[in-house]
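# Observations on chain architecture
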Amino acid sequence: MNHTDNGERTMPVCFTPEQLKVVEEYAKKRGMLNASQAIEELAN
């Protein structure tokens, strides 16, 4: 697993365009700025 300078773990994730749309909708409904925030929340 890669580490960024601030010590956080990073993990590459791949989505189909359809899956990404679902994640973006999830983020939007929860007031998040983008899909990355939703993925981060779901991964914790």
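Summary of the structure given here. All values derive from a computational prediction rather than experimental measurement.

## A word on the overall build of the protein
- Helices and strands together make up the secondary structure of the protein, namely 2 helices and 2 strands.
- The helix and strand sequence of the protein, counted from the amino end, reads β-β-α-α.
- Within the protein, buried positions represent 11% of all 44 residues.

## Considerations on the pattern of salt bridges
- All told, the structure shown has 1 salt bridge when counted by the stated rule.
- A salt bridge links Lys28 to Glu25; the nearest nitrogen and oxygen atoms lie 3.7 Å apart. Of this pair, Lys28 and Glu25 both sit in helix α1 (residues 17-29), separated by 3 residues, roughly a single helical turn.
- Residue Glu25 is classed as partly exposed on the basis of its relative accessible area, which comes to 35%.

## As for the packing of α1 against helix α2 (residues 35-43)
- Contact geometry of α1 with α2 gives a least axis separation of 8 Å together with a crossing angle of 85°. Relative to α2, the element α1 is oriented roughly perpendicular. Mapping the contact onto sequence places Leu20, Val23, Glu24, Tyr26 and Ala27 in α1 and Ala35, Ala38, Ile39, Glu41 and Leu42 in α2.
- Looking at the contact of α1 with α2 residue by residue, the classes come out as 8 nonpolar, no polar and 2 charged.

## Section: α1
- Spanning 13 residues, α1 covers 18 Å between terminal C-alpha atoms, matching the ideal 18 Å at 1.5 Å per step.
- Remark: Gly31 follows α1 within two positions and exhibits a positive phi of approximately 75°.

## Observations concerning the nonpolar core
- Membership of the largest hydrophobic core is limited to 5 residues, which are Val23, Ala27, Met32, Ala35 and Ala38.
- The set of elements that each furnish at least two residues to this core consists of α1 and α2.
- Look past the residues within four positions of Val23 in its chain and what remains in contact with it is Phe15, Ala35, Ala38 and Ile39.

Quick notes on the rules
Residues numbered from 1 in each chain as written. Predicted model: local features only at pLDDT ≥ 70, side-chain atom pairs only at ≥ 80, totals over all residues. Heavy atoms only, no water. Helix = DSSP H or I, 4+ residues; strand = E, 2+ residues; numbered from the N terminus. Buried < 20%, exposed > 50% of the residue type's maximum accessible area, 1.4 Å probe, protein only. Salt bridge = Lys/Arg side-chain N within 4 Å of Asp/Glu carboxyl O. Axes fitted to C-alpha atoms, helices over the stretch in contact; angles between N-to-C directions. Parallel < 35°, antiparallel > 145°, perpendicular 65-115°, else oblique. Contact = heavy atoms within 4.5 Å. Nonpolar A, V, L, I, M, F, W, Y, C, P; charged D, E, K, R; others polar. Expected span 1.5 Å × (residues − 1). Core = buried A, V, L, I, M, F, W, Y, C linked by side-chain atoms within 4.5 Å.

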